[in-house]
Amino acid sequence: RITSNFLLVFAACMLFSLGSKAQYEIRGLVKDQQTNEPLIGATIIEVASGLGASTGVEGEFVLETTSEKPLLRISYTGYTELELEARVGSTLLVE
């Protein structure tokens, strides 16, 4: 009986995941325009969904999104916030 309940829940989860929207991946690099140094811990947010990521030690980030051309908001303490449209399939360089 426990096995049949597990299979029912598993099947329901599979149906739910099949109905979810396609995921796209945006990759990018955020660095200081003057010094060319990577900005560690910059925040990247997809405006429409609120999904976000932050940059690592090399200034790189990966953000999963449901849009092929998401509008991104990039922020970092001490810098002017920036909004720009990204494109799936290309690497985004933010300076």
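Values in this document were obtained by computation on a predicted structure and should not be read as measured data. (Residues numbered from 1 in each chain as written. Predicted model: local features only at pLDDT ≥ 70, side-chain atom pairs only at ≥ 80, totals over all residues. Heavy atoms only, no water.)

## Thoughts on the overall build of the chain
This is how the line gets drawn: Going along the chain from the N terminus, every DSSP run of H or I of four or more residues is numbered as a helix, and every run of E of two or more is numbered as a strand. A simple rule labels every residue: compare its accessible area, found with a 1.4 Å probe on the protein chains alone, to the largest value its type can have, and call it buried under 20%, exposed over 50%, or partly exposed in between. Should any heavy atoms of two residues lie within 4.5 Å, those residues are counted as being in contact. Each accessible area is a Shrake-Rupley estimate made with a 1.4 Å probe; only the visible protein chains count as cover when residues are assessed.
If you tally the helices and strands in the chain, you get one helix and seven strands. What you see in the chain, going N to C, is helices and strands ordered as α-β-β-β-β-β-β-β. Looking at the chain as a whole, 23% of its 95 residues are labelled buried. Nonlocal contacts in the chain, meaning residues at least 24 apart in sequence, comprise 50% of its contacts between residues at least 6 apart. About 6800 Å² of surface is accessible on the chain, with carbon and sulfur atoms providing 55% of the total.

## Examining unusual backbone geometry
A positive phi angle, close to 65°, is found at N36, a residue other than glycine. Looking at the secondary structure, you find N36 in the loop between β1 (24–30) and β2 (43–46). By relative accessible area, N36 is classed as partly exposed at 44%.

## Some details on the sheet that holds strand β6 (residues 82–85)
Where we set the bar: Strands are labelled as partners when DSSP assigns at least two bridges between them. Between N-to-C directions, angles span 0 to 180 degrees; the directions come from axes that are lines fitted to C-alpha atoms, helices contributing only their stretch in contact.
Pairing in this open sheet of four strands is antiparallel, and the strands run β3-β2-β5-β6 from one edge to the other. Sheet topology places β3 (52–54) and β6 at the edges, where each strand pairs with a single neighbour. Pairwise comparison of adjacent strand axes, ignoring direction, gives a mean angle of 20° for this sheet. When strand β5 (residues 71–75) meets β6, the two strands line up antiparallel, connected through four bridges. Its bridge partner lying in β6, R73 is registered against E83.

## Re the side chain of T55
Definition in use: Nitrogen and oxygen atoms within 3.5 Å of one another constitute a polar contact, given that in protein one can donate a hydrogen and the other can accept it, and given that sequence-neighbouring residues count only through two side-chain atoms.
Relative to the helices and strands, T55 is located in the loop between β3 and β4 (60–65). Given a relative accessible area of 6%, T55 falls into the buried group. In this structure the side chain of T55 is engaged in a polar contact, spanning 2.5 Å, whose partner is the backbone oxygen of L39. Within the structure, the side chain of T55 is placed 2.8 Å from the backbone nitrogen of A42, a separation counted as a polar contact. Setting aside residues up to four positions removed in sequence, T55 forms contacts with V30, L39, I40, G41, A42, I44, E60 and F61.

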